[in-house]
Amino acid sequence: AAKREGRGNFQFFSPAMNAATHEHLLLENRMWATLENGGFDVHLQAQVELETGRVIGAEVLLRWHDPELGSVEPGRFIPIAEESGLILPLGDWVLARAMALLAEWRDDGMDHLRLAVNLSARQFSGGALLSRLDELLAEHGIDPARMELEITETAAMRDPENTRRLLLQLRARGFKLAIDDFGTGYSSLAYLKLFAIDRIKIDRGFVRDIETNPNDAAIVDATIGLAHALGLGVIAEGVETLAQWGFLRDRNSDEAQGYLFGRPMPAREFREFVRARAQPVPGP
Ligand code: C2E
Ligand code: MG
Ligand code: MG
Ligand code: MG
């Protein structure tokens with residue numbers, strides 16, 4: 001009888017929900033397996049000084065190629081990892097990988113470059129972050145100023161008081177701190193002055209139509225002005241065209257990241273990329 005009742009309950013789920021739940025469970029299972037087998041990878045995307053196009057660092061972006069599922073986009077698997085808690089071991093793996101890369105670079109005379117790592121909301125509120133970072137710094141002998149930690153506006157605003165305290169502690173360690181996807185979450189203008197951050201990342205949604213959409217142009221303009229007035233740096237995401245680069249340069253954005261300068265690529269390729277780009281490129 002219990003079984004029949006259970007089945008009856010099952011019908012409350014619509015077929016669409018079933019499919020979503022099924023996909024969720026499938027991805028979650030495959031992610032655990034991938035983590036255990038060391039099958040995750042990171043790609044690096046160049047971050048450049050806007051004035052010259054010179055590479056100053058890279059953002060670390062998680063990549064997952066599953067033998068059965070093929071390549072799965074972070075936009076699809078990160079939210080599931082976040083919801084299931086898998087993001088904690090996964091994010092830890094990314095941090096360790098980034099520290100190891102910084103150690104390699106230091107030994108190869110590439111220690112002028114910084115690496116930016118995305119932190120999830122769970123990592124940020126978990127309580128284990130500081131001690132884990134201390135451990136990794138000691139293990140790899142890394143200067144924390146070489147690492148920038150990115151937290152999205154939405155994650156930062158989930159518990160602003162916790163965020164404020166943790167950012168202060170991270171800054172005391174010497175880490176660089178950036179607010180990611182700025183302008184896409186709840187407005188946090190009042191918090192900008194309370195958060196110990198170094199940089200604002202302008203979301204690529206505002207950069208895309210910067211030349212044709214006066215509202216986007218105004219938002220980008222104002223964000224750059226606000227950041228500078230607060231003594232913060234600005235980096236624009238998703239720069240794909242010379243015209244966008246030119247616009248941002250005219251408005252004195254400090255840095256940029258986007259396909260125009262380089263796609264996310266494997267770490268080994270990135271080393272070659274940096275060598276090849278040692279000379280400044282002609283800009284807009
Ligand atoms: P994000 O942190 O805002 O990263 C920038 C995203 O924009 C990346 O997508 C990058 O490939 C993409 N992008 C960069 N330049 C351009 C461009 O010129 N045009 C276009 N169309 N796209 C560009 P990706 O790698 O798919 O990552 C998506 C999101 O997944 C990231 O957004 C971040 O929120 C999350 N993510 C990626 N890796 C990690 C990670 O290790 N940990 C956590 N917690 N989240 C991650
Ligand atoms: Mg990011
Ligand atoms: Mg972003
Ligand atoms: Mg974004």
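With an unreviewed UniProt entry as reference, the protein chain is termed EAL domain-containing protein, source organism Massilia orientalis.

Every one of the 22 residues lining ligand 1 counts as a neighbour, but Arg63, Asp180, Arg204, Glu240 and Tyr259 are closest to it. Between a nitrogen atom of ligand 1 and a side-chain N or O atom of glutamate 240, the distance comes to 2.5 Å. Computed on the free molecule, ligand 1 has an accessible area of 800 Å², of which 84% lies beneath the protein chains in the complex. Secondary-structure elements contributing two or more residues to the shell around ligand 1 are strand E2 (55-66), helix H3 (74-84), strand E4 (114-119) and strand E6 (176-182). Looking at the shell around ligand 1, the element that brings in the most residues is E2, giving four residues. Residues of the shell around ligand 1, tallied by class, amount to nine nonpolar, five polar and eight charged.

Looking now at helix H11 (residues 214-229). Compared with the 22 Å implied by 1.5 Å per residue over 16 residues, the 22 Å span of H11 between its first and last C-alpha is a close match. All of the buried residues in H11 are Asp216, Ala217, Val220, Thr223, Ile224 and Ala227. Angularly, the buried residues of H11 cover 130 degrees about the axis, an arc narrow enough to put them on a single face. Relative to its buried face, H11 has exposed residues pointing more than 90 degrees away, namely Pro214, Asn215 and Ala229. Those residues of H11 that are buried lie in contact with E6, strand E7 (199-202), helix H10 (204-207), strand E8 (233-236) and helix H12 (242-250). Its side-chain oxygen at 2.8 Å from the backbone nitrogen of asparagine 215, asparagine 213 defines the N-terminal cap of H11.

Turning our eyes to something else, we now look at the coordination of the magnesium ion (ligand 2). Protein-derived ligands of the magnesium ion (ligand 2) are Glu59 (OE), Asn118 (OD1), Glu150 (OE) and Asp180 (OD), with the metal-ligand distances lying across 2.0 to 2.2 Å. Written as a sequence motif, the donor residues of the magnesium ion (ligand 2) are E-x58-N-x31-E-x29-D. Between the two metal centres, the magnesium ion (ligand 2) and the magnesium ion (ligand 3), the spacing is 3.8 Å, with aspartate 180 acting as a shared donor. Taken together, the residues span a long stretch of sequence, with glutamate 150 in strand E5 (residues 147-152) and aspartate 180 in strand E6 at a distance of 30 residues.

Of note, the phi angle at aspartate 181 is positive, near 55 degrees, even though the residue is not glycine. Turning to its location among the elements, aspartate 181 is positioned in strand E6. Judged by relative accessible area, which is 22%, aspartate 181 ranks as partly exposed. Here the phi dihedral of asparagine 252 falls at roughly 65 degrees; this positive angle occurs in a residue that is not glycine. With respect to the helices and strands, asparagine 252 occurs in the loop between H12 and strand E9 (255-256). For asparagine 252, a relative accessible area of 52% corresponds to the exposed category.

Reading guide: rules and limits
All residue numbers here refer to positions counted from 1 along the written sequence of the relevant chain. Numbering of ligands from 1 and lettering of chains from A proceed in the order in which they are written. Whole-chain, interface and lining totals are the exception, using all residues; otherwise, since this is a predicted model, local features are given only for residues with pLDDT of at least 70 and side-chain atom pairs are given and counted only at 80 or more. The basis for every side-chain value is the complete set of heavy atoms in the structure, and neither hydrogens nor water enter the calculation. If a single non-hydrogen atom of a residue is within 4 Å of a molecule or strand, that residue counts as near it. Side-chain atoms alone can form a polar contact between residues adjacent in sequence; in general such a contact is a pair of N or O atoms within 3.5 Å, and within protein one must be able to donate a hydrogen while the other accepts it. With residues, only the protein chains shown are counted as cover, and all accessible areas are computed by Shrake-Rupley using a 1.4 Å probe. Per the convention used, a helix needs a DSSP run of H or I reaching at least four residues, while a strand needs a run of E reaching at least two, with both numbered from the N terminus. Asp, Glu, Lys and Arg are counted as charged, while Ala, Val, Leu, Ile, Met, Phe, Trp, Tyr, Cys and Pro are counted as nonpolar; the rest, among them Gly, fall into the polar class. One less than the number of residues in a helix, times 1.5 Å, gives the span that helix is expected to have. Relative accessibility thresholds used throughout: buried, under 20% of the residue-type maximum; exposed, over 50%; partly exposed, between the two (1.4 Å probe, protein chains only). Our arc is simply the arc of the directions from the helix axis toward the C-beta atoms. We call two residues contacting when some pair of their heavy atoms lies within 4.5 Å. With water excluded from the atoms, a metal site may look incomplete; its donors are any N, O or S atoms within 2.8 Å, or within 3.2 Å for Na, K and Ca.

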